[in-house]
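# Breakdown of the fold
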Amino acid sequence: MNRLLELLLGLDSGFLQRQGDVSMRFDPRWPLAESVGHATWNVVMIVLIAVVVWLGYRVRAGAGARFGAGASAGAGVADGVGKFKISNLGLAILRGTFLLLLLVLLNRPSLTLTTSRIEPSVLAILVDDSLSMAISDAGTAEIPKSRFDAAVDLLNTGEQSLIKQLARTHDIKLYRFSRAAEPIDLASLSSIKATGLSTNLVDALESVSRDFRGQRLAGALVLTDGRETSGAAKNRTTVELARQARQDGLPKLFAVRLGQTSGLSNVQIEQAIAEDAVFQGDIVNVRVRVRANGLSPEQPVTARLTDELGQPVRDIDGRPVEKTIRFPTDATQEVDLQFIPTEIGQRTLRVTLDPVAGEVDPRDNQRELRLDVVDSSIAVLLIDGYPRWEFRYLRQELIRDRTVEVSTLLTSSDSDFAQDGDRPISRFPLTIDELKDYDVVVIGDVDPRQFTDGQLQLIEEFVGKLGGGFGMIAGPRSAPQAYRSTSIELLLPVDVSRVAGASSGAVRPGRAGNAGAAGQPGNSQAVISEGFRPVLTPAGREGGIFRFFPDSQVNDEYIKDTIQPLFWFCRDVTAKPGVAQVLAQHPTSTGPDGKPSPLVVVGRYGAGRTFFSGLDETWRWRFYTGEGQFNSFWVQSLRYLARGRKLGQRKLAFSIDRPSYQLGEQVRLSVRVPDGELSRQLPGELRVQVADESGRALREVVLTRLLDEPDRFTGSFPADQAGVLQAVLPAVGDSDMIRQAIEVGVPRVEFETPEADEAALTALAQATGGRVIEAKDANTIPSVITSAKKIIPQQQSRLLWGAPIVFLLLVGLLLSEWIGRKKAGLI
């Protein structure tokens, strides 16, 4: 039926079936309508139609009467008038209707369908998932709850949850954010963890504004602690925040502040370091750096050393290894935890801090270390060119040390001279098999012409391929400058290209023109009487080579103020970038690179470790102290060098480029296979399994054999999960499975100021026309955020003067009038 009516009215299919109101509208366009009005025209036209109809049929009636005659004619007239009133009235109505229909059409009638388009109110809900939202200060003392969990519970708990109440009025769009906002669905909200590395609320609001451009955005409901930590964002004042909000036209901000605004405290282990390989029976020093925020000076923190089972590690006296730390202000303190390992093999240690009241993040109270405890005996080949004091005292100390087997070679001696040592030799090894009997090779002030090119290359292969240690003790004659352009130059952790010739820097106390000591070469440099003490770098303070006393503060003061001064050092050396680690440097002298002159430098070459001493007077440290400091320095240096060789004896070494990383950094894994036969048997790839602290597998990392170093496999993966990860290299050949602990930390910017920032939230909310709502008043939020819905009427009109029904009516009226007139004898 509707379709038939649409056809008659000339409407599109379905026009009358659409939702809305159908009405008739007129749009007349009469001349001078602005002056006289459309109604005047219509009234005039109606009067004219009435006059035309009346006059037309009135005349016709009179004419018919005049054709009669006589009495009968009079009677006929009377009958004719009566018929006129009955029959002509209908004809007049037909004509009037026709003319009125034309008048209606002249008024441009149209059929109008009025519908409504609704633009819904949209509300963006943003949940902060940055790390600070993991702080458990949003619950009660009995039931602690993290800020993020409180946000999830607030939105999504129960039939009357906040998000369901808001959905009755608004279309809800849910986001998570730390920097830019990321859309999520409600089902995934509870599975999200607060792991974002930084927070930038303004950026998040800007991205939401872009997403909803052109829509009816009622505002943004943000559940956050308000603390901005992203780059320059954390330095913006509340005034700057408000100004930017106004400039950027941010949506109305309705913020639910989560978290305490004061009274939070936290302790964290920023760093825990120790040598990755130590010797059985040595004192192992674990240096721990602890940061505290919000602690009172009277509130102590205890650092403990435990094994992987949580059992306390004990010192030499059988007491648990622990230290109590106090913080006079919010600051960083360093403590040393020391113990002596007694068993050979891999060992896992944990450094833990006892939690404090109001702890912000207890996850950062623990660090894990993995140590390789190796056999303490090492084999050393010590070579020097002449019997200088450094060589003499060092030789005597190594012969007396029961953990060292030393062979000495004095190249200036006669052929029949009996060389000293536990393993007497008469020449330098000629083959790699002979050199493999040693763990460390130390060359003093020896003329390189005492070696063949093949012997120097043997040393390079011994270090790079077999993991041996190499050290050089500088001297005034040949070392290190004479080794330029040799294989030894590649091994050194220092650049010697700008070191002058013989006697460089040879300045000692004594008479001018004489070295002032027996066994020392003469030189013509000026005599000085004031010496210097080495200045330790952070690496030097943290390592064990310069550790003379257990207490780090006592040790630092001793080296700074008490240790015997030295007078000679090798000038113009510079540390090789990316290779060297400077342990000690000159207090006043600078090198060619403008940095303090390095005195003691360590490094790595291939599988082995390297060492350079720019001093040849450490024997002076024996004065007034006996052999303690001198012996400790050199034995620890040699043991540092021997670690690569000791670990390399396991046929393969599995390592990471550093012990700790931050989220997002690349972890680089390396496997070196010094055993040539095993290396040739291996495929081109090795696979390493990476698991989290609970042992759950995270990924498999493929290590690829290097083309230029076929005994080495490397690979990397992103550190995308915080905690202590375990990289496991399955057993290869007859070697055991090897584990490496990988510590992945988080940037601590989120916990530098963990309190909720109510001032910043208030400034943003006021600038955007919103407000801050307390979590306890969350039930008022649906009434606070008003609907932005808008109803927009829409009209569709169709003119009717071309409709088929109009044509039919016009034709029907004309035809009806014509037939009536025909029957009435009027035509």
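Because the structure is a prediction, the values reported are computed rather than measured.

Of regular secondary structure, the chain possesses 20 helices and 35 strands. A burial count over the chain gives 47% of its 827 residues as buried. Counting only contacts in the chain whose residues sit at least 6 apart along the sequence, the fraction spanning at least 24 positions is 72%. Of the roughly 39,200 Å² of accessible surface on the chain, a fraction of 52% belongs to carbon and sulfur atoms.

Once that is clear, we can look at the sheet that holds strand β14 (residues 345-353). Ordered in space as β9-β15-β14-β11-β12, the five strands form an open sheet in which the pairing is mixed. The open sheet has two edge strands, β9 (277-279) and β12 (322-325), and neither has a second partner. Shown here is a sheet whose adjacent strand axes are inclined to one another by a mean of 30°, direction ignored.

Pairs can form between side chains of opposite charge once their charged atoms are near each other. Under the definition given, this model contains 35 salt bridges. Across the salt bridge formed by R388 and D384, the nearest N and O atoms sit 3.0 Å from each other. Look at D384 and you get buried, because its relative accessible area is 2%. Residues joined by salt bridges that share partners form a network here, namely E270, R287, R289, R291, E334, D336 and R547.

Let us now look at the nonpolar core. Membership of the largest hydrophobic core comes to 42 residues, with the highest contact counts inside it found for V380, L398, F546, F548, V600 and F633. At the level of elements, β16 (378-384), α9 (389-400), β17 (404-410), β18 (440-443), α14 (552-562), β23 (580-590), β24 (596-605) and α15 (628-648) are the ones that each hand at least two residues to this core. Top element by residues in this core is α15. It accounts for seven residues. Apart from the residues lying within four places of it in its own chain, the contact partners of V600 are F546, Q581, V582, L583, A584, F611, F612, L615 and F633.

A word on the side chain of S613. Here S613 shows up in strand β25 (residues 608-613). A relative accessible area of 0% places S613 in the buried class. Within the structure, S613 has its side chain in polar contact with the backbone oxygen of L615 (distance 3.2 Å). In this view, S613 contacts M472, I473, A474, L599 and W634; residues no more than four positions away in its chain are not counted.

When a strand is regular, its side chains alternate between the sheet's two faces. Alternating residues of β18 divide into V440 and V442 and V441 and I443, and every residue in both groups is buried. Bridge count for β16 against β18 is four bridges, and the pairing is parallel. Looking across to β18, one finds that V380 is bridged to V440. Here β18 pairs with strand β19 (residues 469-473) via four bridges, running parallel. For I443, the partnering residue across the bridge sits in β19 and is M472. Following the chain from β18 across helix α11 (residues 453-464) to the adjacent parallel β19, one finds a crossover that is right-handed.

Sheet architecture is open: six strands sit in the order β5-β4-β3-β6-β7-β34, paired in mixed fashion. On the outer flanks of this sheet lie β5 (181-183) and β34 (771-774), each paired with one strand and no other. This sheet shows a mean twist of 30° between the axes of neighbouring strands, independent of strand direction. Pairing geometry for strand β3 (residues 121-128) and strand β6 (residues 216-224), over seven bridges, is parallel. Residue pairing across strands places V127 opposite L223, the latter belonging to β6. Against the sheet, helix α5 (residues 147-156) contacts β3, β4 (171-177), β6 and β7 (253-257), and its axis sits at roughly 155° relative to β3. Against the sheet, helix α18 (residues 758-768) engages β6, β7 and β34, with an angle of about 160° to β7.

The subject of this paragraph is the pairing of strand β31 (residues 712-718). Burial of the side chains of β31 is restricted to one face: F713, G715 and F717 are buried, whereas none of R712, T714, S716 and P718 on the reverse face is. In this structure, strand β28 (residues 666-672) lies alongside β31, joined through seven bridges in antiparallel fashion. Looking at the pairing, L669 lines up with G715 of β31. By the bridge criterion, two bridges tie strand β30 (residues 697-705) to β31 in an arrangement that is antiparallel. Looking at β31, one finds that R705 is bridged to F713. Counting the residues between successive antiparallel strands, the hairpin from β30 to β31 contains six residues.

On the surface, V43, V47, V51, W54 and L55 cluster together into a nonpolar patch covering about 470 Å² of accessible area. Using a relative accessible area of 54% as the deciding quantity, one classes W54 as exposed.

It is worth spelling out α18 at this point. Since the α-helix advances by 3.6 residues per turn, residues separated by three or four positions end up pointing in the same direction. Taken together, the buried positions of α18 are A760, L761, A763, L764, A765, A767 and T768. Backbone geometry just downstream of α18 places G769 in the positive-phi region, at approximately 85°.

On to the confidence of the model for the chain, then. For the chain, the mean per-residue pLDDT works out to 82, and 88% of the residues sit at or above 70. This stretch, residues 510-526, has a pLDDT under 50; its non-local contacts, to residues over four places away or in other chains, come to 36 contacts.

Glancing now at unusual backbone geometry. Most of the time, phi is negative for any residue but glycine, and the peptide bond is trans. With an omega of 10°, the peptide bond running from A479 to P480 counts as cis. Mapping P480 onto the fold places it in the loop between β19 and α12 (487-491). A positive phi is found at R108, a non-glycine position, where the angle reads about 55°. Within the fold, R108 resides in the loop between α4 (70-106) and β2 (109-119). At D572, a residue that is not glycine, the phi angle is positive and equals roughly 70°. Tracing the backbone shows D572 in the loop between α14 and β22 (574-575). Relative accessible area serves as the criterion here: at 27%, D572 is assigned to the partly exposed category.

What follows deals with the environment of E489. Mapped onto the elements of the fold, E489 is located in helix α12. Along the primary structure E489 and E460 are separated by 29 residues, whereas in three dimensions their C-alpha atoms are 9.6 Å apart. Filtering out sequence-adjacent residues up to four positions away, E489 remains in contact with Y483, R484, V496 and K576.

Right, let's talk about the packing of aromatic side chains for a bit. Applying the stated rule across the entire model yields 18 aromatic pairs. Arranged with centres 5.8 Å apart and planes meeting at 70°, the rings of F611 and W634 form a pair that is edge-to-face. Of the two residues, F611 is situated in strand β25 and W634 in helix α15; the sequence distance between them amounts to 23 residues. Note on accessibility: F611 and W634 belong to one class, buried. Geometrically, the ring pair formed by W621 and F633 is edge-to-face, given 5.4 Å between the ring centres and 90° between the ring planes. With W621 in the loop between β25 and α15 and F633 in helix α15, the pair connects residues that are twelve residues apart, well separated along the chain. For W621, a relative accessible area of 0% translates into the label buried. Look at F633 and you get buried, because its relative accessible area is 0%. Following the ring pairs from residue to residue traces out a cluster consisting of F546, F548, F549, Y558, F611, W621, F633 and W634. Its guanidinium or amino end placed over the ring of W389, R392 lies 4.7 Å from that ring's centre, counting from NZ or CZ. Of note, R423 hangs over the ring of Y438, and the distance from its end group to the ring centre comes to 5.8 Å.

Position of T40 relative to the elements: it lies in helix α3 (residues 38-65). Look at T40 and you get partly exposed, because its relative accessible area is 39%. Residues T40 and W30 lie ten residues apart in sequence; the distance between their C-alpha atoms is 9.9 Å.

Calculation criteria
- Going along each chain's sequence as written, the residues are numbered from 1 onward.
- Since the coordinates come from a predicted model, pLDDT governs what is reported: local features require at least 70, and pairs of side-chain atoms require 80 or more to be given and counted, while whole-chain, interface and lining totals use all residues.
- Hydrogens are left out, water is left out, and the side-chain values use all remaining heavy atoms of the structure.
- Helix numbering and strand numbering both begin at the N terminus, where a helix is a DSSP run of H or I of at least 4 residues and a strand a DSSP run of E of at least 2.
- Type-normalised accessible area, obtained with a 1.4 Å probe on protein chains alone, sets the label of each residue: buried when under 20%, exposed when over 50%, and partly exposed for intermediate values.
- In this analysis, two residues are considered to be in contact whenever any of their non-hydrogen atoms come within 4.5 Å of each other.
- Accessible surface is estimated by sampling points in the Shrake-Rupley manner with a 1.4 Å probe; for residues, cover comes only from the protein chains shown.
- Pairing between two strands is assigned when DSSP locates at least 2 bridges connecting them.
- In this analysis, axes come from line fits to C-alpha atoms, helices being fitted only over the stretch in contact, and the angle between any two N-to-C directions falls in the range 0 to 180 degrees.
- Salt bridges, as used here, are contacts in which a Lys or Arg side-chain nitrogen is within 4 Å of a carboxyl oxygen on Asp or Glu.
- Here the nonpolar core consists of buried residues drawn from Ala, Val, Leu, Ile, Met, Phe, Trp, Tyr and Cys, with membership extended through side-chain atoms lying within 4.5 Å.
- Here a polar contact is taken to be a pair of N or O atoms separated by no more than 3.5 Å, where protein atoms must pair a possible hydrogen donor with a possible acceptor and residues adjacent in sequence count only if both atoms sit in side chains.
- A right-handed crossover is one whose linking path, passing over the helix from the first strand to the second, runs clockwise when the strands point away from the viewer.
- Nonpolar side chains (Val, Leu, Ile, Met, Phe, Trp, Tyr) are joined into patches within 5 Å and like charges within 9 Å, using only residues with over 30% relative accessible area and no salt bridge.
- The score called pLDDT rates the predictor's confidence residue by residue, from a low of 0 to a high of 100.
- Think of it this way: a Phe, Tyr or Trp ring, Trp meaning its six-membered ring, pairs with another when their centres are within 6.5 Å, and the plane angle makes it stacked under 30 degrees, edge-to-face over 60, tilted otherwise.
- Lysine NZ or arginine CZ positioned within 6 Å of the ring centre and within 35 degrees of the ring normal marks a charge as sitting over the ring.

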